[in-house]
Amino acid sequence: MPKLPVLATVRKSYGIAFGNFQSLWDISSRWAVAAGLAFVVSYLLLSLPVEGDPSQFEPPSAGQRVADRTSLSIAILGIAIYVVVVRWHRIVIQRLEPMATKRSALSGGLLYFIRSIALGVAAILAIMLLALMPAPLICVAPFPSELKSALLPSLMLTGVVAAVFIVCRLSLILPGGAIGDFAMTLRKSWQLTRGNGWRMFLGSTLSSGPAFVVNAAFDRIFDNLPTASGNSLVLTIVLIQSIGLLIIAVLIQASFLSYAYLFFVDSATTDSTEGGNHIVHAPPAFER
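What this report covers is the structure whose coordinates are included nearby. All values reported here derive from a predicted model rather than from experimental measurement. (Residues numbered from 1 in each chain as written. Predicted model: local features only at pLDDT ≥ 70, side-chain atom pairs only at ≥ 80, totals over all residues. Heavy atoms only, no water.)

**Observations regarding helix 1 (residues 6-18)**
- Here helix 1 spans 18 Å end to end across 13 residues, near enough to the 18 Å set by a 1.5 Å rise per residue.
- Taken as a whole, helix 1 has its buried residues at V6, T9, V10, S13, I16 and A17. Viewed along the axis of helix 1, the buried residues span an arc of 135°, placing them on a single side of the element. Exposed side chains of helix 1 directed beyond 90 degrees from the buried face belong to L7 and R11. (Helix = DSSP H or I, 4+ residues; strand = E, 2+ residues; numbered from the N terminus. Expected span 1.5 Å × (residues − 1). Buried < 20%, exposed > 50% of the residue type's maximum accessible area, 1.4 Å probe, protein only. Arc of directions from axis to C-beta.)

Encoded structure:
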């Protein structure tokens, strides 16, 4: 199989994500407004005076107040991210205008969520088979305790790495489902990415990893502020910053998967043509 050009694909993923703010706003503005209104309504409702003796109620902590005010907004954003990512895949892969991506976007987001859960299940099964199930055998094996202490963490690390590796190779089902390519099954994704597991892993890490690193750095800074944990305004800012970085990571990752999808599908179509085999014509979703 052809090898995915990781750095070039990651570079294109960042470029299209940061170079198309207008398109991103067009497909996400309504959700952003809905989340903002939900926050305002929640804030106003929770600011209403409580009937009865206030001394009978324990005042909520700053964290609880922030959670109460933002729970509805977060729920809306949780739905929105799947719908927006589906539309973003369609923009990147099919080169559609934002308004042309609206059709069945909500049902597409639901399918995207289900397929994401399927990948999560695959990862859990891999960890169970490669790490959790062999662990009891190591515990009862006649090995020195020092060797067992070294083997168990190594076994768990191996299981986690293998799970991530497997998920990366199966992840083409996500952009495939977003554009309606239901022929892109788990089996086909596994076949197309043969020999590219580490490239998919490295590309995914470079795409979404920096945003998570920045978020972890901000969290560490706020954790060291002496008054941060008791200040609801600071906690709200931290939460908004975390959600924003999460959205950035998801969009860049979706861009990477879109370009990887195009690369492997186009390569498979080209190989079929050059090999003189039966030519499988790409559906309209792949036409560029």
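**With respect to the nonpolar core**
- W88, L172, M200, Y261 and F264 are the most contacted members of the largest nonpolar core, which has 36 residues in total.
- Looking at this core, the elements with two or more residues in it are helix 1, helix 2 (21-46), helix 3 (62-94), helix 4 (105-132), helix 6 (145-170), helix 7 (173-178) and helix 10 (232-274).
- It is helix 10 that contributes the most residues to this core, 10 residues altogether.
- Those residues in contact with F264 that sit more than four places away from it in its chain are P2, L4, L172, L192, T193, N196 and M200. (Core = buried A, V, L, I, M, F, W, Y, C linked by side-chain atoms within 4.5 Å. Contact = heavy atoms within 4.5 Å.)

**A short note on helix 9 (residues 197-223)**
- The first and last C-alpha atoms of helix 9 sit 36 Å apart over 27 residues, in line with the 39 Å expected at 1.5 Å per residue.
- For helix 9, the principal kink sits at G209 and spans about 40°; a proline, P210, occurs within the next four residues.
- All of the buried residues in helix 9 are G197, M200, G203, S204, S207, S208, G209, A211 and N215. (Bend = angle between axes of the 7 residues up to and from the residue.)

**What about the environment of K3?**
- Mapping K3 onto the fold places it in the segment before helix 1.
- Exposure remark for K3: the relative accessible area of 42% places this residue in the partly exposed category.
- In this structure K3 touches G195, N196, R199 and F263, once residues within four positions along its chain are discounted.
- Polar side-chain contacts of K3 include one of 3.1 Å to the backbone oxygen of G195. (Polar contact = N/O pair within 3.5 Å; in protein donor to acceptor, adjacent residues only side chain to side chain.)

**As for the packing of aromatic side chains**
- Applying the stated rule across the entire model yields eight aromatic pairs.
- Judged by centre distance (5.3 Å) and plane angle (85°), the rings of Y82 and F113 are edge-to-face. Of this pair, Y82 sits in helix 3 while F113 sits in helix 4, placing them 31 residues apart in sequence.
- When its relative accessible area of 35% is taken as the criterion, F113 is described as partly exposed. (Phe/Tyr/Trp six-rings, centres within 6.5 Å; stacked < 30°, edge-to-face > 60°.)

**Observations regarding the packing of helix 1 against helix 9**
- At a minimum axis separation of 10 Å, helix 1 and helix 9 run at an interaxial angle of 30°. Between helix 1 and helix 9, the angle is such that the two are roughly parallel. The two elements helix 1 and helix 9 cross, and the hand of that crossing is right-handed. On the side of helix 1, the interface is formed by V6, L7, V10 and Y14, while helix 9 contributes R199, L202, G203, L206, S207 and P210.
- Taken together, the residues of the contact of helix 1 with helix 9 sort by class into seven nonpolar, two polar and one charged. (Axes fitted to C-alpha atoms, helices over the stretch in contact; angles between N-to-C directions. Parallel < 35°, antiparallel > 145°, perpendicular 65-115°, else oblique. Left-handed = near helix turned anticlockwise from the far one by under 90°. Nonpolar A, V, L, I, M, F, W, Y, C, P; charged D, E, K, R; others polar.)

**Quick look at unusual backbone geometry**
- Phi at R95 is positive, roughly 55°, even though this residue is not glycine.
- Relative to the helices and strands, R95 resides in the loop between helix 3 and helix 4.
- Judged by its relative accessible area of 59%, R95 falls in the exposed class.
- Notably, S104 is not glycine yet its phi reads approximately 55°, a positive angle.
- Its location among the elements puts S104 in the loop between helix 3 and helix 4.

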